[in-house]
Amino acid sequence: PVKKNYDLLKINTKDIDKIKCYNYAIGDDEEQKFIFYGKYNVGQASFFNTQWTKSNGEFVSVKSAKTLPKADIVKIDAEGSEIQILTHMIIEPDVIVVEYHPYNGIESHTKLTKILKNYIPYSIEKSSNSLGIIKYFHKNIKFDICGETNHIDNFLKIKKSVSINYQWNPTT
């Protein structure tokens, strides 16, 4: 939601009809909140003052995660606000990809699994003990594998036991 980043996003997507840009952050409540600029790159801007942020920043609009529209895939890279977003998110997409951070003083990756009760972690990529990316599939998602409809837990068992070619065609 940093204005400079938003202006660049509008320029980079101006010729793509299906992309709509909104200049606000997602959080637990609607409010104006101070965001610290990233120290080393624009992607490090955060509501938390950390070793990766500068002391200066700007106020930005925040919308509640409760207002997110239905989506098949949600990717969250919120520099420490992922717990607040997921706790208040009402929608249940088929896939959630979360970059987790230690900024809010807790081990986010352990709390994520407790929050996402209806999801199965598919892939965990750790950058360190407190930073990484987790990909989750909803427990009710179904895949068509070789003409048969399978729930995600069967798909994961098959994928781990043999190498298969598949196309992801959710039947939900």
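Each remark here, short or long, concerns the structure printed above.
Residues numbered from 1 in each chain as written. Predicted model: local features only at pLDDT ≥ 70, side-chain atom pairs only at ≥ 80, totals over all residues. Heavy atoms only, no water.

Take the sheet that holds strand β6 (residues 119–128) next. With mixed pairing, the four strands of this open sheet are ordered in space as β4-β5-β7-β6. Every interior strand has two partners, whereas the edge strands, β4 (73–76) and β6, have only one. Direction aside, the axes of adjacent strands within the sheet are offset by 10° on average. Pairing of strand β5 (residues 95–100) with strand β7 (residues 131–138), which is carried by six bridges, proceeds in the antiparallel orientation. Bridged to Ile96 within β7 is Tyr136. (Pairing = 2+ DSSP bridges. Helix = DSSP H or I, 4+ residues; strand = E, 2+ residues; numbered from the N terminus. Axes fitted to C-alpha atoms, helices over the stretch in contact; angles between N-to-C directions.)

Another aspect to go through is the pattern of salt bridges. Here the structure, examined in full by the defined rule, presents three salt bridges. Taking the shortest distance from any N to any O, the salt bridge between Lys3 and Asp7 comes out at 2.9 Å. Here Lys3 pairs with Asp7, and both are found in helix α1 (residues 3–13), just four residues apart, close to one helical turn. When its relative accessible area of 27% is taken as the criterion, Asp7 is described as partly exposed. In this structure, Lys135 and Glu125 form a salt bridge, with 3.4 Å as the shortest nitrogen-oxygen distance. Within this pair, whereas Lys135 is found in strand β7, its partner Glu125 is found in strand β6, the two being separated by 10 residues in sequence. Accessibility expressed as a relative area gives 32% for Lys135, which makes it partly exposed. (Salt bridge = Lys/Arg side-chain N within 4 Å of Asp/Glu carboxyl O. Buried < 20%, exposed > 50% of the residue type's maximum accessible area, 1.4 Å probe, protein only.)

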